[in-house]
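Chain by chain, the residues:
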Amino acid sequence: MASYDLIVIGSGPGGYVAAIRASQLGMKVGVVEKAELGGICLNWGCIPTKALLKSANVFEYLQHAAEYGIKVKDASPDMGAMVKRSRDVAAGMSKGVQFLLKKNKIEQIAGHGKLKKGGKVEVTDASGKKTDYEAKNIILATGGRSRELPAIPMDGKKIIGYREAMVLPERPHRMLIVGSGAIGSEFAYFYNTIGTEVTLIEFLPRLVPVEDEEVSKALEKSFKKAGMTIYTSSEVTKVDSKGKGCVATVKTPTGEIKIETDIVLSAVGVTSNLENIGLEEVGVKTDKGKVLVDDFYKTNIAGVYAIGDITKGQALAHVASAEGIICVEKIAGKNPHPLDYNNIPGCTYCSPEIASVGYTEEAAKKAGYQLKVGKFPFTASGKAKAAGASDGFVKLIFDAKYGEVLGAHMIGANVTEMIAEIVAIRKLETTGHEIIKTVHPHPTMSEAIMEAAAAAYGEVIHL
C-alpha cells in the first residue's frame, strides 16, 4: 500500500496550494482528484467567468468606441467564440496546476477519494477499481457546488446553475437570474452586456446584500441604467418549464407576478460537497453542512483536517488557499497565526466592479465603534475621467478613537485590484493619518483611497 505524509482530497485552490506548501516543507504528498486539476475555481468558477466577463467588457468598449474618438462598425458578440476562449483559458490554467504538482514532486491520484479508518483513503477510479492509500495526515478540500432551491429545480437546460451558464451554446433572448450575490451579479452583467434581456431577483431588500448599503444602491442604479429589470425583497415561488421557455412565479412586495423567460439561472449560493467522502464512517463531526474544525483546521479525528468551502469560513478561493497554507504549516510543526476572517477581501467582477473588506458602516456601528467615514467619488478622479470610468466611489470607515481602518467599500473600475492595499493596511494596523501621508501616484484610481481617508478627517483636497 502506497504511503504518504499527507494526502489531500481535492485539487482546488485550497487543495493544490496546501499540497505544494506541504511539499516545500519536506512532506511526501499525494493529491486525489476525480475531475480536472484546479477544481471548480480554475475550471468552472473564478477563472473562466473572468474570461467571459473580459469578453463582455471588450464588447462594451466597442459599443462606446465613439466616445473615445474611435469609429467601429458592426461589432457583435459571438457566444460560441466567447465560450471557447473561456474554456481555453480554464484548460491552460488546469495544465499549469498539473505542471506545479509535478515540479513539486506531488503524486496525482485520479479518482474519487473517501476517508477510511486508520489513516487510509480509498480511491475509486473511472473504471470503478478501488485502491487504498495510507497517510499520516489527510486534508479534505472537496469544495462546493450550486445550492438548489425546491422552487427552482435545475434541469441543466432551461433551469440552470453557474456551470451551464458558462457554456450555453447560444445567447438567450431573455434570462431570469435568481440571486444577486457575486455569481448572480457577474452573470447579470455578462448577459445584459451581450444583449440578453436580464431580470434579476433578490430575496433580500437590496442587491449584493453582504456589501455596504451605499455600494448596493450604486450597483442597482448602474444595473437599471444598463437596462436590467430588478426585483428586490422578492422570491421565486415556482418555475414552469413545460413550454418552450419558462414561466416564473415571483412574489414581490406589491403582489405576485409571472415572468416569461428563456432561461432561469439559479445563483443562490454554494452547498458543501460532504457526501460520500467517509465522514460518517470515520466519525468526523459536522454542523449545518460544514465540517467542524479548530483554528488550524483539525477535525475531531486525529490526523484529519478540512479546509475551504466545506468549513466555516467564506466560500472564496483565496480563503481556501490561505487555510491550506496555515493547515500544513501547523502539521509541519511551525507556528502560523490563525486566519483573520474579518480581513478577507471580497470582490465582484461585474461592471462596475465591487471590492470590500472589514466592517460595513452599519456593522461597525452595531459593534459599538464611534466612526469617522470618508468617501471619494470617481467623478472627482482625473484618471477615472480620462478612462471614461467615473461611476463609483471609495468609502473608508475608521475607528474615531484610534484611527484604525475598520472597513473599506469600493465600487468602480479596477477596484478589485485596489482592495489589497486596504487588506495590507489593516494587517499592518496602519491609521487614517498614515494613509493620508502615504503619497499615491497621480493620476491613478488608487488616489481615491488617500482622498477618502483625507475626507474622513476633513483634509480632502479634491472635493
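Chemist: Looking at this model, I keep getting lost on the overall build of the protein. Mind explaining?
Modeler: Check the secondary structure of the protein and you find 14 helices and 24 strands. Here the C-alpha atoms of the protein give a radius of gyration of 24 Å, agreeing with the 23 Å that 2.2 N^0.38 yields for 463 residues. With respect to the principal axes defined by its C-alpha atoms, the protein has extents near 65 × 60 × 45 Å. A buried classification covers 51% of the 463 residues belonging to the protein. If you take every contact in the protein between residues at least 6 apart in sequence, the share linking residues at least 24 apart comes to 62%. Of the roughly 21,900 Å² of accessible surface on the protein, 53% is carried by carbon and sulfur atoms. Looking at the protein, you have 56 positive and 53 negative side-chain charges, and the mean spots of the two groups are 3 Å apart.

Chemist: Can you help me understand the sheet that holds strand β23 (residues 393–399) in this one?
Modeler: Strand pairing in a sheet takes place through backbone hydrogen bonds and is either antiparallel or parallel in direction. In space, the 5 strands of this open sheet follow the order β20-β21-β24-β23-β22, with antiparallel pairing throughout. Edge strands, defined here as strands with exactly one partner in the open sheet, are β20 (346–348) and β22 (371–377). The mean angle between the axes of side-by-side strands here comes to 10°, regardless of whether they run parallel or antiparallel. Alignment of β23 against strand β24 (residues 405–412), held across 6 bridges, turns out to be antiparallel. Within β24, the residue paired with valine 394 across the bridge is methionine 410. This element, helix α7 (residues 213–225), spans β21 (353–358), β22, β23 and β24 of the sheet and lies at about 5° to β24.

Chemist: I'm lost on a nonpolar patch on the surface in this one. Help?
Modeler: Among the surface-exposed residues, Val58, Tyr61, Leu62, Tyr68, Ile70 and Val72 lie close enough to one another that they form a single nonpolar patch of about 520 Å² accessible area. Relative to the helices and strands, isoleucine 70 resides in the loop between α3 (46–63) and α4 (79–103).

Chemist: Please explain the side chain of arginine 426 as it appears in this structure.
Modeler: For arginine 426, the location among the structural elements is in helix α12 (residues 415–427). The buried charged residue arginine 426 lacks any salt bridge partner; its closest oppositely charged side chain belongs to glutamate 404, at an N-O distance of 4.8 Å. At 2.7 Å, the side chain of arginine 426 forms a polar contact with the backbone oxygen of asparagine 342. Ignoring sequence-local partners within four residues, the contact set of arginine 426 consists of Asn342, Asn343, Val357, Gly358, Val405, Leu406 and Gly407.

Chemist: Any chance you could explain the environment of alanine 384 here in plain terms?
Modeler: Its location among the elements puts alanine 384 in helix α11 (residues 382–387). Look past the residues within four positions of alanine 384 in its chain and what remains in contact with it is Phe378, Ala389, Ser390 and Met445.

Chemist: When you look at the state of the cysteines in this model, what are you seeing that I'm missing?
Modeler: Summed over the entire model, instances satisfying the criterion amount to 0 disulfides. Cysteine 41 provides the cysteine sulfur closest to cysteine 327, a residue in no disulfide bond, and the two sulfurs are 19 Å apart.

Chemist: Mind showing me how you'd approach the sheet that holds strand β10 (residues 197–201) here?
Modeler: Sheet architecture is open: 5 strands sit in the order β8-β15-β9-β10-β11, paired in parallel fashion. If you trace the sheet from one side to the other, it starts and ends with β8 (159–160) and β11 (229–231), each paired once. As paired elements, β8 and strand β15 (residues 263–266) share 2 bridges and run parallel to each other. When the bridges of β15 are listed, isoleucine 159 appears paired with valine 264. Packing of helix α6 (residues 182–193) onto the sheet brings it into contact with β9 (174–178), β10 and β15, and relative to β10 it is tilted by some 165°.

Chemist: Help me out: how do you make sense of unusual backbone geometry in this one?
Modeler: Trans peptide bonds make up most of the peptide bonds, and negative phi angles are found at most residues other than glycine. Cis geometry is found at the peptide bond from serine 351 to proline 352, where omega equals 5°. For proline 352, the position within the fold is in the loop between β20 and β21. Residue proline 443 is bonded to the preceding histidine 442 through a cis peptide linkage, with omega at 0°. Relative to the helices and strands, proline 443 is located in the loop between α13 (432–436) and α14 (447–456). You will see that aspartate 74, though not glycine, has its phi angle at about 55°, which is positive. Given the relative accessible area of 76%, aspartate 74 is considered exposed. Here serine 233, not a glycine, exhibits a phi torsion of approximately 50°, which is positive.

Chemist: Before we go on, may I ask you to explain the packing of helix α1 (residues 15–24) against helix α9 (residues 317–331) in this structure?
Modeler: A pair of packed helices is characterised by two quantities: the angle between their axes and the separation of those axes. Viewed as axis vectors pointing N to C, α1 and α9 meet at an angle of 30°, and their least axial separation amounts to 8 Å. The interaxial crossing formed by α1 with α9 has right-handed handedness. Of the residues in α9, those in contact with Val17, Ala18, Arg21 and Ala22 of α1 are Ser321, Gly324, Ile325, Val328 and Glu329. Of the residues contributing to the contact of α1 with α9, the split by class is 5 nonpolar, 2 polar and 2 charged.

Chemist: Could you clarify how one ought to interpret the packing of aromatic side chains in this entry?
Modeler: Note on aromatic pairs: each is described by the distance of the centres and the angle between the planes. Per the stated rule, a full pass over the model turns up 6 aromatic pairs. Relative to tyrosine 369, the ring of tyrosine 359 has its centre 5.6 Å away and its plane inclined at 65°; by these criteria the two rings are edge-to-face. Of the two residues, tyrosine 359 is situated in the loop between β21 and α10 (361–366) and tyrosine 369 in the loop between α10 and β22; the sequence distance between them amounts to 10 residues. Positioned above the aromatic ring of tryptophan 44 is the side chain of arginine 87, whose terminal nitrogen or guanidinium carbon lies 3.9 Å from the ring centre. Directly above the ring of phenylalanine 296 sits lysine 330, whose terminal nitrogen or CZ lies 4.3 Å from the centroid.

Chemist: What is the right way to read the nonpolar core from this model?
Modeler: It is characteristic of soluble globular proteins that their nonpolar side chains tend to be buried jointly. Among the nonpolar cores identified, the biggest contains 49 residues, and Leu6, Ile7, Leu115, Ile139, Leu140, Leu279 and Val291 are the most heavily contacted of them. Discounting chain neighbours no more than four positions away, the residues touching isoleucine 139 are Leu6, Ile7, Val8, Ile9, Ala18, Tyr305, Ile307, Cys327, Val328 and Ile331. Membership of the second largest hydrophobic core comes to 35 residues, among which are Ile160, Leu200, Phe223 and Ile230.

Conventions we followed
Residues numbered from 1 in each chain as written. Predicted model: local features only at pLDDT ≥ 70, side-chain atom pairs only at ≥ 80, totals over all residues. Heavy atoms only, no water. Helix = DSSP H or I, 4+ residues; strand = E, 2+ residues; numbered from the N terminus. Rg over C-alpha atoms; globule rule 2.2 N^0.38 Å. Buried < 20%, exposed > 50% of the residue type's maximum accessible area, 1.4 Å probe, protein only. Contact = heavy atoms within 4.5 Å. Areas by Shrake-Rupley, 256 points an atom, 1.4 Å probe, with all protein chains shown as cover. Lys, Arg positive; Asp, Glu negative; His and termini not counted. Charge placed at Lys NZ, Arg CZ, Asp CG, Glu CD. Pairing = 2+ DSSP bridges. Axes fitted to C-alpha atoms, helices over the stretch in contact; angles between N-to-C directions. Patch = residues over 30% accessible without salt bridge, like charges linked within 9 Å, V, L, I, M, F, W, Y side chains within 5 Å. Salt bridge = Lys/Arg side-chain N within 4 Å of Asp/Glu carboxyl O. Polar contact = N/O pair within 3.5 Å; in protein donor to acceptor, adjacent residues only side chain to side chain. Disulfide = S-S within 2.5 Å. Left-handed = near helix turned anticlockwise from the far one by under 90°. Nonpolar A, V, L, I, M, F, W, Y, C, P; charged D, E, K, R; others polar. Phe/Tyr/Trp six-rings, centres within 6.5 Å; stacked < 30°, edge-to-face > 60°. Lys NZ or Arg CZ within 6 Å of the ring centre and 35° of its normal. Core = buried A, V, L, I, M, F, W, Y, C linked by side-chain atoms within 4.5 Å.

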